[in-house]
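# Observations on chain architecture
Here is how the chains run, residue by residue.
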Amino acid sequence: MLAAETYVRSSPSLPNIFQYVDFRAFLVDWFNAKKASNPRFSHRGFARRAGQKSPSALLHVMRGERNLTPANQEAFARALKLSDTEAEFFGWLVKLGQATSDLERNEAWERISTTQRALGARRVEGAAFECLTHWYYPAIRELAHRADFIADADWLAARLRPTITPAEAQRALDVLFEFELLARDPDGRIRVTDATVVTAPEVAGLAVHNYHYGMLARAREAVERFDPEERLLCGSTLAVPEHLLEQVRQEVFALHERVLNLCDREASADGRVYQLSVCLFPLSDAPESN
């Protein structure tokens, strides 16, 4: 974690790197700011500062046509005249942007969001990602529909399946209230609002992946955790003609929408929180086209 007190801006006229989650967007804004203050500044000049043979190295990276190697990353940080703290943060932005697995992206995002929280930068996006990436956040929000709901960490931790820690429950409550996904009425009652959360586009896909990973793990546990009367797990292995795939997808989606609408119409204060996951995914490659 980078402590807030170590933060030093390299120049007040240049963009604040800690406001970014996309290193290429930062490079574009940095170059434009340098060009605005010095019209003679060029990609060639940056390449000389960074020790790059290609005069268009910066341009290729900004356009996403070239990635940064560890050596080039350090050279770019020097050419950008980043402080040690900024250079370290820049490294995590590069890791996020060039990661090849969700594990790597999650590690990078954790370091980025932790630093941004410490600095008060892009706090909203970080918390929004948190809402989508932990399975128990939406579960707690849905639990708030119940008449016996108590906004208490110990009470919540004991009622989720599987149970979570009181610390996890308290963090979820804090974020849900902060985003106004839950609200407290003047009489003290808790209600679910119509608010939605949107996370930074650079990590929106990762948040969705994390959400499905978490819920699919809960589905696997449900096989043994709950009696058949409490759950429904059905599956079929079938061959889907290519020309029917989109129709099948739409049928599955329509089923999902009908169940959501049914539960919304019959919303009550004594419901139990369930997860509805309808899965359709390939188990083979596509046939070769003639």
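Relevant structure appears above.
Every value quoted in this text rests on a predicted model; they were computed, and no experiment measured them. (Residues numbered from 1 in each chain as written. Predicted model: local features only at pLDDT ≥ 70, side-chain atom pairs only at ≥ 80, totals over all residues. Heavy atoms only, no water.)

### With respect to the overall build of the protein
Looking only at helices and strands, the protein has 12 helices and two strands in total. The linear arrangement of helices and strands in the protein, starting from the amino end, is α-α-α-α-α-α-α-α-α-α-β-β-α-α. Relative to its length of 290 residues, the protein is extended, with a C-alpha radius of gyration of 24 Å against a globular reference of 19 Å. Counting the 290 residues in the protein, one finds 34% classified as buried. Contacts in the protein between residues far apart in sequence, at least 24 positions, make up 58% of those at least 6 positions apart. If you average the places of the 35 positive and of the 40 negative side-chain charges in the protein, the two averages end up 10 Å apart. (Helix = DSSP H or I, 4+ residues; strand = E, 2+ residues; numbered from the N terminus. Rg over C-alpha atoms; globule rule 2.2 N^0.38 Å. Buried < 20%, exposed > 50% of the residue type's maximum accessible area, 1.4 Å probe, protein only. Contact = heavy atoms within 4.5 Å. Lys, Arg positive; Asp, Glu negative; His and termini not counted. Charge placed at Lys NZ, Arg CZ, Asp CG, Glu CD.)

### Re the packing of helix α8 (residues 136-143) against helix α10 (residues 166-178)
Their axes nearest at 10 Å, the elements α8 and α10 cross at an angle of 70°. Viewed along their axes, α8 and α10 adopt a mutual orientation that is roughly perpendicular. The residues of α10 that touch α8, namely those facing Tyr136, Tyr137, Ile140 and Arg141, are Glu168, Ala169, Arg171, Ala172, Leu173, Val175 and Leu176. Counted by class, the contact of α8 with α10 contains eight nonpolar, no polar and three charged residues. (Axes fitted to C-alpha atoms, helices over the stretch in contact; angles between N-to-C directions. Parallel < 35°, antiparallel > 145°, perpendicular 65-115°, else oblique. Nonpolar A, V, L, I, M, F, W, Y, C, P; charged D, E, K, R; others polar.)

### Quick look at the packing of aromatic side chains
Both the distance between ring centres and the angle between the ring planes are used here to describe each pair of aromatic rings. All chains considered together, the criterion is met by 12 aromatic pairs. With centroids separated by 5.3 Å and ring planes inclined at 40°, the aromatic side chains of Tyr136 and Tyr137 adopt a geometry described as tilted. Judged by relative accessible area, which is 1%, Tyr137 ranks as buried. Looking at Lys34, its charged tip hangs above the ring of Phe41, at a distance of 5.4 Å from the centre. Positioned over the ring face of Trp92 is Lys95, at 5.3 Å from the centre of the ring. (Phe/Tyr/Trp six-rings, centres within 6.5 Å; stacked < 30°, edge-to-face > 60°. Lys NZ or Arg CZ within 6 Å of the ring centre and 35° of its normal.)

### Digging into helix α6 (residues 102-119)
End to end, α6 covers 25 Å across 18 residues, agreeing with the expected 26 Å (1.5 Å per residue, within 8%). Of all the residues in α6, the buried ones are Asp102, Ala108, Trp109, Ile112, Ser113, Thr114, Thr115 and Gln116. (Expected span 1.5 Å × (residues − 1).)

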